[in-house]
Amino acid sequence: MFNDINNRWNDILDYLKNEFKISKAGYETWLLSLKPESVNEEESTITISVDDLSIGKNGKDYIKDKYETFLQVSIEEITKYHLKIIFVNKSEIEPVSAKSVNEPKKSDNSSSFELNDKYTFDTFIVGGNNSMAHAAALAVAESPLNNPFNPLFIYGGAGLGKTHLVHSIAHYIMENSPELNLLYVTSEEYTNEIVNAMRNVKQDMTLLNLIKKKYREVDILIVDDIQFIIGKVATQEEFFHTFNTLYEQGKQIIMTSDKHPNKMEDLDERYRSRFVRGIPVDITSPDYETRLSILMNKNDVSSIKLNDDIIKFIAENIKTNIRDLEGAYNKIILRSKLQHRDITLNVAMEDLKDFILTDDKVKITNDYIINIVIEHYGISLEEITSANRSKKIADTRMICMYLCRKITNSSYEEIASKFDRDRTTALHGYNTIEKRLETDTSLQNDIEILMKIINHQ
């Protein structure tokens, strides 16, 4: 019985999340900390451990009150076993030995957040547009608690490599300084956690206190796209208390933003001065040599090779940012896969006409929107256009359809053709997202952020 449950544990958690509409923040903070430990078949009980080292000892009571019934139902639906749940803290079943007390704690936070495995220092192309930011990031990674860049504030336009750099820092620290407790979070994930906690704060302070503990007891905190927190009063205030706590303790804070702190209009002066205590470093649009290097690197690892003329054509004409550069490359590769033939320069030129700029302003097309959305959710163009119906890909596909219709007002037929679907599918996707936006605060926040990225706000 235990093996059946243990082998299907991920299916159980997925069922719980989808059936009972658990938010992404709630799922990643609480449910991913759970692990089946044993089953007593005579008493029909299952013991499930809570990773109290990550979420605190009070987390067990919160999970029991909020999720016990949902979890019990999910176990029964997936495995057909009706069991009573016994929650225990992980530390209770794995007592700390006298020897381990003096050993460095190992960072196990990698399970509580997602990093792109491809975003490392080895894969980051250094050029004149980003050399200072790269040097500062590497200095922080090599000496995370003893460097002049605290806070490290990396700023620049969308799609220029800020996220690549901070993921590189995280990977480096987790590999070379595993005793340090590191936490990476995007602004929308942080906002969703704070909003969910604030909604119930009058009835129960437990969740808010646990979130405070989660963010204030780390050695390195990385917040991606901090600009989306600015102006959201409760979230902003909570973050700044966290910032002050960590800074006063000498902990490393790393932030990315689309603007220098001095140009963030809604940022209170008290916090503006704190953000520039380190040395803000910027990333600008890549020059031709950097763009060419990026494309050549992608071509080297691709199963389909584009000829040099096409590579140079893309590098010469896509000048805005790395996101657009890679989006143009990916579109040509996908065309080659779908048609099962090599792509000529003339075909590439026709395919990329919407990517090419004439006045330094991006033409917002359906292709442009789709490329931004799939990057945001970490999904490839090939996956989004495939027959894959997993929840993550299906949801992302519908968000693409919704935003394409909302922003470009393209016909449903035109939008559907981007995904090899029919008009009805695009209409259904638009209506589904529009309906969910009425009640889903996490989705509302995602759409707000995506709209700002697309419109370069």
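Relevant structure appears above.
Residues numbered from 1 in each chain as written. Predicted model: local features only at pLDDT ≥ 70, side-chain atom pairs only at ≥ 80, totals over all residues. Heavy atoms only, no water.

Colleague: Tell me about the environment of D287, and name the residues and values.
Modeller: Turning to its location among the elements, D287 is positioned in the loop between β8 (281-282) and α14 (288-301). According to the relative accessible area criterion, D287 is partly exposed, its value standing at 32%. Here the alpha-carbon distance between D287 and K319, two residues 32 residues apart in the chain, equals 7.6 Å. A distance of 2.6 Å separates a polar atom in the side chain of D287 from a polar atom in the side chain of T290. (Helix = DSSP H or I, 4+ residues; strand = E, 2+ residues; numbered from the N terminus. Buried < 20%, exposed > 50% of the residue type's maximum accessible area, 1.4 Å probe, protein only. Polar contact = N/O pair within 3.5 Å; in protein donor to acceptor, adjacent residues only side chain to side chain.)

Colleague: Which residues make up the pairing of strand β1 (residues 34-40), and what are the values?
Modeller: On any regular strand, side chains alternate: one points to one face of the sheet, the next to the other face. Bridge analysis of β1 against strand β2 (residues 45-50) gives six bridges, and the strand direction is antiparallel. By the bridge assignment, K35 is partnered in β2 with S49. (Pairing = 2+ DSSP bridges.)

Colleague: Which residues make up the pattern of salt bridges, and what values go with them?
Modeller: Scanning the entire structure with this criterion turns up 14 salt bridges. Across the pair D11 and R8 runs a salt bridge, and its minimum N-O distance is 3.3 Å. Linking R436 and D395 is a salt bridge whose minimum nitrogen-to-oxygen distance equals 3.5 Å. Pair noted here: R436 is in helix α22 (residues 423-436) and D395 is in helix α20 (residues 391-408), with a separation of 41 residues, a long-range link. Of the residues examined, D395 reaches a relative accessible area of 16% and is grouped as buried. Through salt bridges with shared partners, one network takes in K391, D395, R436 and D440. (Salt bridge = Lys/Arg side-chain N within 4 Å of Asp/Glu carboxyl O.)

Colleague: Give a detailed account of the packing of helix α10 (residues 187-199) against helix α23 (residues 441-454), specifying residues and quantitative values.
Modeller: Put simply, α10 and α23 touch, their axes get as near as 10 Å, and they point 145° apart. Note on packing geometry: the crossing formed by α10 with α23 is right-handed. Residue-level contacts link S187, E188, T191, N192, N196 and R199 of α10 to T441, S442, N445, D446 and I449 of α23. (Axes fitted to C-alpha atoms, helices over the stretch in contact; angles between N-to-C directions. Left-handed = near helix turned anticlockwise from the far one by under 90°. Contact = heavy atoms within 4.5 Å.)

Colleague: Before we move on, could you go through the environment of S143 and cite the residues and values that matter?
Modeller: In this structure, S143 sits in the loop between α8 (131-142) and β4 (152-155). For S143, a relative accessible area of 24% gives the class partly exposed. Spatially, the C-alpha atom of S143 lies 9.2 Å from that of S177, the residues being 34 residues apart in sequence.

Colleague: Any chance you could break down the sheet that holds β4 for me, citing the residues and the numbers?
Modeller: A sheet is described by the order of its strands in space; here five strands give the open sequence β5-β6-β7-β4-β8, paired in parallel fashion. The open sheet terminates on both sides in strands that have one partner only, identified here as β5 (182-186) and β8. In the sheet, β4 pairs with β8 via two bridges, with the strands oriented parallel. Bridged to I154 within β8 is V281.

Colleague: Got a sec to walk through unusual backbone geometry? Specific residues and values, please.
Modeller: The linkage connecting N150 with the following residue, P151, adopts the cis geometry, with an omega of 0°. Mapped onto the elements of the fold, P151 is located in the loop between α8 and β4. Although it is not a glycine, K21 adopts a positive phi angle of roughly 55°. With respect to the helices, strands and loops of the structure, K21 is situated in the loop between α2 (9-19) and α3 (24-29). Classification of K21 as exposed rests on a relative accessible area of 69%.

Colleague: I'd like a rundown of the pairing of β4, residues and numbers included.
Modeller: A two-sided burial pattern is seen for β4, the buried positions comprising L152 and I154 on one face and F153 and Y155 on the other. With four bridges joining them, β4 and strand β7 (residues 252-257) adopt parallel strand pairing. Of the residues in β7, the one forming a bridge with Y155 is S257.

Colleague: Any chance you could break down the packing of aromatic side chains for me, citing the residues and the numbers?
Modeller: Inspection of every chain in the model, using the stated rule, returns 12 aromatic pairs. With a centroid separation of 6.0 Å and an interplanar angle of 5°, the aromatic rings of F243 and Y247 are classed as stacked. In this pair, F243 and Y247 both sit in helix α12 (residues 233-248), four residues apart, roughly one turn of the helix. Among the residues examined, F243 registers a relative accessible area of 1% and is labelled buried. Through a chain of ring-to-ring contacts, three or more aromatic side chains come together here, namely F153, Y190, Y215, F239, F240, F243, Y247 and F275. Stacked on the ring of Y27, the Lys or Arg K17 has its end atom at 4.4 Å from the ring centre. (Phe/Tyr/Trp six-rings, centres within 6.5 Å; stacked < 30°, edge-to-face > 60°. Lys NZ or Arg CZ within 6 Å of the ring centre and 35° of its normal.)

Colleague: Mind laying out helix α11 (residues 206-216), listing which residues take part and the relevant values?
Modeller: Burial in α11 covers these residues: L207, L208, L210, I211 and Y215. Looking straight down α11, one finds that the buried residues subtend no more than 160° of arc, so they occupy a single side. (Arc of directions from axis to C-beta.)

Colleague: For α14, give the residues involved together with the corresponding values.
Modeller: In this model α14 runs 21 Å from its N-terminal to its C-terminal C-alpha over 14 residues, within 8% of the 20 Å that 1.5 Å per residue would give. Considered for burial, the residues of α14 that qualify are T290, R291, L292, I294, L295 and N299. (Expected span 1.5 Å × (residues − 1).)

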